[in-house]
Amino acid sequence: MDATVNTVNESQLKGVERMYHYTDCRLDYVYLKNGYVGMETAYGPASGITDVEGLHRVIGVYLVKYKPRLTGAEVRFLRNHLDLSQGYLGQLIGVAENSVRAWENLRGRIAKPAERLLRALVIGKVHSVEISELLEQILHLNRDAYQNRLELEETASGWMVAG
């Protein structure tokens with residue numbers, strides 16, 4: 001079980017039902033009803049999140065399933081949740097690294113096809129489907145091996161590329 005300790009100020013603990021305003025994900029609208037503990041440290045009040053990985057998984061699924069369009073902060077959150085660099089995410093979804101950087105820094109809006117691929121990557125991670133491996137294979141297709149003629153043969157186990 002992952003645990004993290006964050007310093008908090010009293011205003012983060014105020015509100016309906018004393019919910020905790022969780023800002024470490026850099027999304028300003030996430031509030032926790034439970035799953036955290038308050039504590040006093042040498043630096044002042046702090047909080048500990050008992051299952052950060054599980055929390056981030058739920059935030060990611062929520063964004064992917066219910067958020068109509070992703071903001072730059074949400075793109076950054078999902079990319080970090082996938083543990084991908086800006087450059088590698090760009091390669092997987094077919095855009096330049098500076099495009100990903102622009103989306104995250106609010107200098108551009110993520111294109112709908114790229115957003116769909118990002119959503120698919122998140123769902124793939126949650127459900128242990130290796131969408132990233134499929135995209136990686138597509139990224140590294142051997143263009144030289146491609147021929148303009150596709151020859152197929154039927155075998156005992158079904159149709160196959162003739163070799």
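Sequence positions are assigned chain by chain, starting from 1 and proceeding in written order. Per-residue local features of the predicted model are confined to residues with pLDDT of at least 70, and side-chain atom pairs are confined, for both listing and counting, to 80 or more; whole-chain, interface and lining totals are unaffected and use all residues. For side-chain calculations, the full set of non-hydrogen atoms in the structure is used, while hydrogens and water are omitted.

### Let's talk about the pattern of salt bridges
Between side chains of opposite charge, pairing is possible as soon as their charged atoms come close. The term salt bridge refers to a pairing of a side-chain nitrogen on Lys or Arg with a carboxyl oxygen on Asp or Glu at a separation within 4 Å. Considering all chains together, one arrives at 6 salt bridges under this definition. Across the pair R101 and E97 runs a salt bridge whose closest N-O atoms are separated by 2.8 Å. Of this pair, R101 and E97 both sit in helix α5 (residues 97-104), 4 residues apart, which is roughly one turn of the helix. By relative accessible area, which is 30% here, R101 ends up partly exposed. Only protein chains enter the accessibility calculation, which uses a 1.4 Å probe; a residue is then buried when its area is under 20% of its type maximum, exposed when over 50%, and partly exposed in between. For E97, a relative accessible area of 39% puts it in the partly exposed group. Only DSSP runs of H or I reaching four residues or more are called helices, and only runs of E reaching two or more are called strands; each is numbered from the N terminus.

### Notes on the layout of surface pockets
Empty space within the largest pocket amounts to approximately 220 Å³. A cavity here means a set of 1 Å grid points, computed over protein atoms only, where a 1.4 Å probe fits but cannot escape. A pocket is an open set with protein on both sides within 12 Å along at least 5 of 7 lines, and lining residues have an atom within 4 Å of a point. Considering the residues around the largest pocket, the lining is formed by 13 residues, among which L82, L121, K125, E130 and S132 are closest to the centre. If you list the elements that add at least two residues to the lining of the largest pocket, you get α4 (86-93), α6 (112-126) and α7 (131-139). For the lining of the largest pocket, the element with the highest residue contribution is α7, accounting for 4 residues. The classification used treats Ala, Val, Leu, Ile, Met, Phe, Trp, Tyr, Cys and Pro as nonpolar, Asp, Glu, Lys and Arg as charged, and all other residues, Gly among them, as polar. Taken together, the residues that form the lining of the largest pocket break down as 7 nonpolar, 2 polar and 4 charged. Grid points are joined across faces, edges and corners, and a volume is the space filled by probe spheres set on the points. Estimates place the volume of the second largest pocket at around 190 Å³. Taken together, Y29, V30, Y31, G54, L55, V58, I59, Y62 and L63 form the lining of the second largest pocket.

### Some words on the environment of R109
Counting through the fold element by element, R109 comes out in the loop between α5 and α6. Classification of R109 by relative accessible area gives exposed; the value is 56%. Pairs of residues are marked as contacts when any of their non-hydrogen atoms sit within 4.5 Å. Apart from the residues lying within four places of it in its own chain, the contact partners of R109 are R69 and W103.

### A closer look at unusual backbone geometry
A positive phi angle, close to 60 degrees, is found at D83, a residue other than glycine. Among the structural elements, D83 can be located in the loop between α3 (72-81) and α4. We classify D83 as exposed; its relative accessible area is 68%. Look at L106: it is not a glycine, yet its phi comes out positive at around 60 degrees.

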